[in-house]
Amino acid sequence: MRKSLLVLLFLVFMTPVLADDWGDFDSVDRMWDGQKSITNKEFEEVMDALQTNQKQKEEKQKKKKIKKISGGGNSLHTELNLEKQINEIPDLKDKTEEGVLVNTPVRLILEDKVIDKGFYKVLARKDENNKIFISFYQSQFLKGEIEAIETEEDFNEEEIDFAKLIPYNKSFMRMIFGSLDFNAYAFVPYAED
């Protein structure tokens, strides 16, 4: 009984306070009266202006990056001036687990096995004795493996990760391999057709 009496008293005293707030909702129907309608053309013009501002910001950021790299002044060498486009450096990916695709134009002899002509995924690894082994895979199947010699030579290759078979003489092909970890080569005998 006391609870209901308290609720009743609360409602009696709060009704005038709440009634003032309810008076603001009579203007809801007239809320949009002063708004101007926008056409598609006006909307597109505003969007174009925003996009040009975004492009200008991107160009400024690009110029700041170029200035950081080149120092901002003119160089004595014309190929280093700011007008030249600075190419982005691609991310270096470690391809030791992916392998490099190699076309073998001859039948190679690997560990007394002859592998046919074709495309092979080549992977190289170092064992615990720091010996380098180059493995030849077709699909997920290991077709053969050779031991290679580590070298500091990059074989004038433009890429960091590479593998190629180069004719050496009438009985051997030269296998060159390069990665982030090491460069290596091996002489691989091949079978006559």
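Reading the values: rules and limits
All chains use their own residue numbering, which begins from 1 and follows the written sequence. For this predicted model, a pLDDT threshold of at least 70 governs which residues receive local features, and a threshold of 80 or more governs which side-chain atom pairs are given and counted, while totals over whole chains, interfaces and linings are taken from all residues. Hydrogens and water are ignored here; the side-chain numbers use all heavy atoms of the structure. Strands here mean DSSP runs of E at least two residues long; helices mean DSSP runs of H or I at least four residues long; both are numbered from the N terminus. The cut-offs for exposure are 20% and 50% of the maximum accessible area for each residue type, with area from a 1.4 Å probe on protein chains only; residues under the lower value are buried, those over the upper are exposed, and the others partly exposed. Patches were defined on residues exceeding 30% relative accessible area and lacking a salt bridge, with like-charge contacts within 9 Å and nonpolar side-chain contacts (Val, Leu, Ile, Met, Phe, Trp, Tyr) within 5 Å. A 1.4 Å probe and the Shrake-Rupley method give the accessible areas. Residues count as covered only by the protein chains that appear here. Salt bridges are counted wherever a side-chain nitrogen of Lys or Arg sits within 4 Å of a carboxyl oxygen of Asp or Glu. Neither His nor the chain ends contribute to the count of charged residues, in which Lys and Arg are positive and Asp and Glu negative. Charge positions come from single atoms, namely NZ of Lys, CZ of Arg, CG of Asp or CD of Glu. To pair, rings of Phe, Tyr and Trp, with the six-membered ring standing in for Trp, must have centres within 6.5 Å; the planes then decide the type, stacked if under 30 degrees apart, edge-to-face if over 60, and tilted in the middle. Throughout this description, the term charge over a ring refers to an Arg CZ or Lys NZ atom that lies within 6 Å of the ring centre and within 35 degrees of the ring normal. Nonpolar core, defined: a set of buried Ala, Val, Leu, Ile, Met, Phe, Trp, Tyr and Cys residues in which side-chain atoms within 4.5 Å join the residues together. A contact between two residues is defined here by any heavy atoms of the two lying within 4.5 Å. For two strands to count as paired, DSSP must find a minimum of two bridges between them.

Trainee: Is there a simple way to think about unusual backbone geometry in this case?
Mentor: Glycine aside, residues mostly have negative phi, and peptide bonds are mostly found in the trans state. The phi dihedral of Glu 111 falls on the positive side, at around 50°, and the residue is not glycine. Structurally, Glu 111 is set in the loop between β2 (107-110) and β3 (113-115). The exposure class of Glu 111 is partly exposed, given its relative accessible area of 49%.

Trainee: In this structure, what is going on with a positive patch on the surface? I would like to understand it.
Mentor: Residues Lys 57, Lys 60, Lys 64, Lys 65 and Lys 68 make up a contiguous surface patch of positive charge. For Lys 65, a relative accessible area of 58% gives the class exposed.

Trainee: What am I meant to see in a negative patch on the surface here?
Mentor: Taken together, the side chains of Glu 42, Glu 44, Glu 45 and Asp 48 define an acidic patch exposed on the protein surface. Relative to the helices and strands, Glu 44 resides in helix α2 (residues 40-70).

Trainee: Any chance you could explain the packing of aromatic side chains here in plain terms?
Mentor: Any pair of aromatic rings gets described here by the distance separating the centres and the angle formed by the planes. Counting across every chain of the model gives five aromatic pairs. Here Phe 155 and Phe 162 contribute two aromatic rings whose centre-to-centre distance is 6.1 Å and whose plane-to-plane angle is 80°, an arrangement assigned as edge-to-face. Considered together, Phe 155 and Phe 162 belong to a single accessibility category, that of buried residues. When the centroid spacing of 5.8 Å and the interplanar angle of 75° are considered together, the rings of Tyr 185 and Phe 187 count as edge-to-face. One aromatic cluster is present, built from ring pairs that chain together Tyr 168, Tyr 185 and Phe 187. If you follow Arg 174 out to its NZ or CZ, it ends over the ring of Tyr 185, 5.1 Å from the centre.

Trainee: Any chance you could explain the nonpolar core here in plain terms?
Mentor: A general tendency of soluble globular proteins is for nonpolar side chains to be buried together. Judged by nonpolar contacts, the single largest core of 24 residues is most densely connected at Leu 108, Val 122, Ile 134, Phe 136, Ile 146 and Met 175. Put simply, the parts of the chain that give this core at least two residues each are β1 (100-104), β2, β4 (118-126), β5 (132-138), β6 (141-151), β7 (162-167), β8 (172-178) and β9 (183-191). For this core, the element with the most residues is β9, which contributes four residues. Residues contacting Ile 134, with those up to four places away along its chain left out, are Val 122, Leu 123, Ala 124, Gly 144, Glu 145, Ile 146, Ala 148, Met 175 and Phe 177.

Trainee: Looking at this model, I keep getting lost on the pairing of β2. Mind explaining?
Mentor: Looking along a regular strand, one sees the side chains alternate between the two faces of the sheet. Residue alternation in β2 divides its side chains into a buried set, Leu 108 and Leu 110, and an unburied set, Arg 107 and Ile 109. The pairing of β2 with β9 spans two bridges and is antiparallel. Note that in β9 the partner of Leu 108 across the bridge is Tyr 190. Note that β2 and β3 share three bridges and pair antiparallel. Each bridged residue has a counterpart across the sheet, and for Leu 108 the counterpart in β3 is Ile 115.

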